[in-house]
Amino acid sequence: MIRFPWQKKKSSAPAAPRERLLTYQCAVMQGIGSRQQQEDACVLVNAEDVTRIGREGLLAAVADGMGGMQGGAQASSLGISVLTADFPLLDRTQPLEPQLAGCIDHAGEEVYKLLLGAGGSTMIACILYDQKLHYAGVGDSFLYLLRDGELIRVNREQNTRKNRCLSLIRSGSMDPALAENIPQGQAVTQFLGIDRLEDVDWLRRALPLKEGDVLLLCSDGVGGVLSCEEITQCLRLKTANDACGALQKAVEAKRLPHQDNYTAVVIRCEK
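Residues numbered from 1 in each chain as written. Predicted model: local features only at pLDDT ≥ 70, side-chain atom pairs only at ≥ 80, totals over all residues. Heavy atoms only, no water.

Relative to the helices and strands, Arg268 is located in strand β11 (residues 262-270). A distance of 3.2 Å separates a polar atom in the side chain of Arg268 from the backbone oxygen of Lys238. Apart from residues no more than four positions distant in its own chain, Arg268 is found in contact with Thr23, Tyr24, Gln25, Asp213, Val214, Leu235, Leu237, Lys238, Thr239 and Ala240. (Helix = DSSP H or I, 4+ residues; strand = E, 2+ residues; numbered from the N terminus. Polar contact = N/O pair within 3.5 Å; in protein donor to acceptor, adjacent residues only side chain to side chain. Contact = heavy atoms within 4.5 Å.)

In structure tokens form, the structure reads like this:
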């Protein structure tokens, strides 16, 4: 039989099924606690648009205005606004981590221009793109990953006590007790609104995500109040909405007399 070039031979082997890409189920929870006003801010960009997630990624961020400063609410709100405006301008053909760190640096500059040191905010931001986690942040807010039942703290806390611990380790001492009782150990050392950010924390290599992973971005009104075991129980629930509801109930159940504002963003990775 003569076969012409345009007559393709039929393959007897079935085509391999295409691998399903991750989808992201998102939810947000916020409360004012015992404060006079809400000084936390947060954002989710492209959370309900699968096409834009494929093209740009999913942006999630939490900013915690610093209550000891006059302009905490302004700082967190402006920081989120600058980050959101910068997000579409990122070059997806280049590594996103240093670019995201640059966005946070830009947000810090804008907050300082507006408030001249009279207000500050932490920020934790991540981009989920190409089924990978890209992260950057400043301050003491939290980024957790629940994977295979294990809760992992992804980001690095930037406060006086943690800086002292790092300094001791680098000097050859491995005794964390030496940093436990230093004055103002919880004082944040890097934040939006400082005259110059010197240490933006970011992942040097994107973290591949997999089905079943759960991410939690939260202010210290959540991460500083609930234990890892309590957070894990909440994040194990079936939906992001259920997890946020459980986190809120767990925080409120503490009945702390000086409960800070609390904010949480939960993202479940599914197929």
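Residues Leu83, Ile104, Met123, Ile127 and Leu192 are the most contacted members of the largest nonpolar core, which totals 29 residues. Counting only elements with at least two residues in this core, the list comes to β2 (40-45), β3 (58-65), α2 (72-86), α3 (96-115), β4 (121-129) and β5 (132-138). The greatest single-element share of this core, amounting to 8 residues, is contributed by α3. Setting aside residues up to four positions removed in sequence, Leu83 forms contacts with Leu59, Ala61, Leu100, Cys103, Met123 and Ala125. Counting 25 residues, the second largest nonpolar core, distinct from the first, contains Met29, Ile231, Cys234 and Ala243. (Core = buried A, V, L, I, M, F, W, Y, C linked by side-chain atoms within 4.5 Å. Buried < 20%, exposed > 50% of the residue type's maximum accessible area, 1.4 Å probe, protein only.)

Here we take up the packing of aromatic side chains. Applying the stated rule across the entire model yields 1 aromatic pair. For the pair Phe142 and Tyr144, a centre-to-centre distance of 5.8 Å together with 20° between the ring planes defines the contact as stacked. When sorted by exposure, Phe142 lands in the same class as Tyr144, which is buried. One cation-aromatic arrangement involves Arg92 over Phe87; the distance from NZ or CZ to the ring centre is 4.8 Å. One Lys or Arg, Arg204, reaches over the ring of Trp202 and ends 3.9 Å from the middle of that ring. (Phe/Tyr/Trp six-rings, centres within 6.5 Å; stacked < 30°, edge-to-face > 60°. Lys NZ or Arg CZ within 6 Å of the ring centre and 35° of its normal.)

Looking now at helix α6 (residues 228-235). Restricting attention to buried positions, one finds in α6 the residues Ile231, Thr232, Cys234 and Leu235. Across the axial projection of α6, the buried residues extend over an arc of 160°, all falling on one side. Exposed and facing more than 90 degrees away from the buried side of α6 are Glu229 and Gln233. Contacts from the buried residues of α6 go to β6 (142-147), β7 (150-153), β10 (214-218), α5 (220-223), α7 (240-253) and β11. (Arc of directions from axis to C-beta.)

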